[in-house]
Amino acid sequence: MSDALPKRVRITEVGPRDGLQNEHTHIDTTIKAAFIRALIEAGHTDIEVTSFVRPDRVPQLADAEALFQALGPAPEGVTYSALVPNMTGLERAREAGVRKIAVFTAASESFNQRNINATVAESIEHFRPVTNEARAEGLAVRGYVSTAVCCPYEGRIEPDAVLDVVKRLQELGCDEISVGDTIGAASPADIARLLDVLVPNITLDTLVLHLHDTRGMAVANATEALRHGVQAFDASAGGLGGCPFAPGSAGNLATEDLIFLLDGLGIEHGLDFEAQRRASATIGPHLDHSLASRVYHAPPLPGD
Ligand code: HMG
Ligand code: MG
């Protein structure tokens, strides 16, 4: 473990994708576009906006093409990314003008079957032409490894199994790899065990941690990861999030909570807290529940 905390952390805002994919209330494309514009106002430069997956499997994101159309080209310095599971997804993303894609697999077979209807090995073979073509066209490529701590069907996952999938995604040429605690099962001790195995085998600036907050451990886990040198995190406005194919998964690490943590540690992140809160407030009223983030709901501190 490295004792020096990173000076700066890169945050990918996944609220529009991971956040909304699990919401049952229909959200109009125009509301999603307004949410994304508000996230840009908060300083986000990397926003995962949607998925080009089967619309019948994730109905909330069936408007992926319409959303890209509504957004128009990304402003200078901002990247919109989208999940792409196969060549059909890549063709749709390409038509929509997407410049960064994310392929996604898992460290456990049972979750992967339910999520993308493929074994881990099959999914890597499905991704090969996708990542080859994407890279040839100059698109950035992210790879996800889900269930990196625990599978909702198989239970605990060994860090070596995660490393194996990370290596396969590295071989495909992924620019960054986001390692996910999909159902928010980790405690800081689990994160330490995982990172002790991953960090020596990956260039640190290509490793992203994707935490879910099901058990209220996401901020503690992020703190542990910072102590291991992790420099990039996924986070979701107001703590939205969850995977429809992972029973028991709740919201992501909230962007507001991560900002509060990083500010406290003196680590730069490039976001404006109040503008982030305003972005979350644009989507909150369209949900059938309140936002999970404690920091989002907390009053400003006296003097701040
Ligand atoms: P499949 O059924 O195996 O695909 O789905 P197929 O190739 O057999 O095709 C079957 C039909 O689907 C065909 O249509 C295809 O055209 C169509 P038909 O000929 O029967 O009319 N099809 C598609 N349509 C639109 N877009 C596509 C597409 N592909 C095939 N891309 C597939 C495989 C992966 C597509 C499907 O299982 C799927 O869409 N799954 C949804 C997965 C998903 O979005 N999960 C949530 C995101 S992952 C997550 O949340 C975890 C993460 O946050 C990290 C973490 O927390 O750990 C990333
Ligand atoms: Mg997730």
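Every chain begins its residue count from 1, and numbering advances along the sequence as written. Think of it this way: whatever chain is written first is A, whatever ligand is written first is 1, and the rest follow in order. Where totals are concerned, whole chains, interfaces and linings use all residues; where local detail is concerned, this predicted model gives features only for residues with pLDDT of at least 70, and gives and counts side-chain atom pairs only at 80 or more. As a convention, hydrogens and water are excluded, and side-chain values are obtained from all of the structure's heavy atoms.

Trainee: Would you mind showing me how to read helix H2 (residues 29-41) here?
Mentor: Helical geometry: 3.6 residues make up each α-helical turn, so side chains three or four residues apart lie on a common side. Segments assigned H or I by DSSP are reported as helices when at least four residues long, segments assigned E as strands when at least two residues long, and all are numbered from the N terminus. By this rule, a helix spans an expected 1.5 Å times one less than how many residues it contains. With 13 residues, H2 should reach 18 Å at 1.5 Å per residue; the first-to-last C-alpha distance of 19 Å fits that figure. When a residue's accessible area, from a 1.4 Å probe over protein chains only, is under 20% of the maximum for its type it is buried; when over 50% it is exposed; and in between it is partly exposed. By the burial criterion, the buried members of H2 are Thr29, Lys32, Ala33, Phe35, Ile36, Ala38 and Leu39. In the segment just after H2, Gly43 is the residue with positive phi, at about 110°.

Trainee: Before we go on, may I ask you to explain the coordination of the magnesium ion (ligand 2) in this structure?
Mentor: Angles at a metal have ideal values that depend on geometry: 109.5 degrees with four tetrahedral donors, 90 or 180 degrees with six octahedral donors. Shown as donors are all N, O and S atoms within 2.8 Å of a metal ion, widened to 3.2 Å for Na, K and Ca; because water is not in the atom set, sites may appear incomplete. Each protein donor to the magnesium ion (ligand 2) is listed here as Asp18 (OD), His210 (NE2) and His212 (NE2); together their distances run 2.1 to 2.3 Å. Each donor residue of the magnesium ion (ligand 2) belongs to the same chain, and together they define the spacing D-x191-H-x1-H. Remark: His210 occurs in strand S9 (residues 207-211) and Asp18 occurs in helix H1 (residues 15-21); sequence separation between them is 192 residues. The exposure classification of Asp18 matches that of His210, with both residues buried.

Trainee: I keep staring at the environment of Phe104 and nothing clicks. Help me out?
Mentor: Residue position: Phe104 is located in strand S4 (residues 100-106). Distance from Phe104 to Tyr144, taken between C-alpha atoms, is 4.5 Å for residues 40 residues apart in sequence.

Trainee: Looking at this model, I keep getting lost on the packing of aromatic side chains. Mind explaining?
Mentor: Given two aromatic rings, their pairing is described by the distance between the two centres and the angle made by the two planes. Two rings belonging to Phe, Tyr or Trp (six-membered ring only in the last case) form a pair when the distance between their centres is within 6.5 Å. Interplanar angles under 30 degrees mark stacking, angles over 60 mark edge-to-face geometry, and anything in between is tilted. If you walk through the whole model with that rule in mind, you get two aromatic pairs. Measuring from centroid to centroid gives 5.9 Å for Phe52 and Phe68, while their planes differ by 25°, and the two rings are stacked. One end of the pair, Phe52, is in the loop between strand S2 (46-51) and helix H3 (64-71); the other, Phe68, is in helix H3, and 16 residues separate them in sequence. Taking the relative accessible area as the measure of exposure, Phe68 reaches 7% and is therefore buried. Between Phe68 and Tyr80, the ring centres sit 6.4 Å apart and the planes meet at 75°, which makes this aromatic pair edge-to-face. Highlighted residues: Phe68 in helix H3 and Tyr80 in strand S3 (residues 79-83), separated in sequence by twelve residues. Aromatic rings pair up to connect Phe52, Phe68 and Tyr80 into one cluster. We call a charge positioned above a ring when the Lys NZ or Arg CZ atom is no farther than 6 Å from the ring centre and deviates by at most 35 degrees from the ring normal. Above the ring of Tyr153, the side-chain terminus of Arg114 is found at 3.9 Å from the ring centroid.

Trainee: It is not clear to me how the site of ligand 1 should be interpreted in this structure. Could you clarify?
Mentor: In the neighbourhood of ligand 1, 27 residues make up the surrounding shell, with Arg54, Asn115, Asn117, Ser146 and Thr182 lying closest. Residues adjacent in sequence count toward polar contacts only when both atoms are side-chain atoms; beyond that, a polar contact is any pair of N or O atoms within 3.5 Å, and within protein one must be able to donate a hydrogen and the other to accept it. Between ligand 1 and Ser146 there is a distance of 2.7 Å, counted from an oxygen atom to a side-chain nitrogen or oxygen. Taking 1100 Å² as the accessible area of ligand 1 by itself, protein coverage stands at 72%. Spatially, ligand 1 is embedded in the largest pocket. Of all the secondary-structure elements, those providing two or more residues to the shell around ligand 1 are H1, helix H4 (87-96), helix H5 (109-116) and strand S5 (140-146). When residues are sorted by character, Ala, Val, Leu, Ile, Met, Phe, Trp, Tyr, Cys and Pro go into the nonpolar class, Asp, Glu, Lys and Arg into the charged class, and all the rest, Gly among them, into the polar class. Grouping the amino acids of the shell around ligand 1 by side-chain chemistry returns eleven nonpolar, eleven polar and five charged. Proximity is defined per residue: any heavy atom of the residue falling within 4 Å of a molecule or strand makes that residue near it. Using a 1.4 Å probe, accessible areas were evaluated by the Shrake-Rupley method; residue-level cover was limited to the displayed protein chains. Both site types are read off a 1 Å grid over the protein atoms alone. A 1.4 Å probe that fits but cannot get out defines a cavity, while an open set with protein on both sides within 12 Å along at least five of seven lines defines a pocket; lining residues have an atom within 4 Å of a point. Assignment to a cavity or pocket requires that more than half of a molecule's atoms be within 2 Å of the site's grid points.

Trainee: Got a minute to help me understand the side chain of Ser110 in this structure?
Mentor: Within the secondary structure, Ser110 sits in helix H5. A polar contact of 2.5 Å, which involves the side chain of Ser110, links it to the side chain of Glu154. The contact rule is simple, with two residues in contact once any of their heavy atoms fall within 4.5 Å. Discounting residues that sit within four places of it in the chain, Ser110 has contacts with Cys151, Tyr153 and Glu154.

Everything listed here is a matter of coordinates, which is why it stays silent on function.
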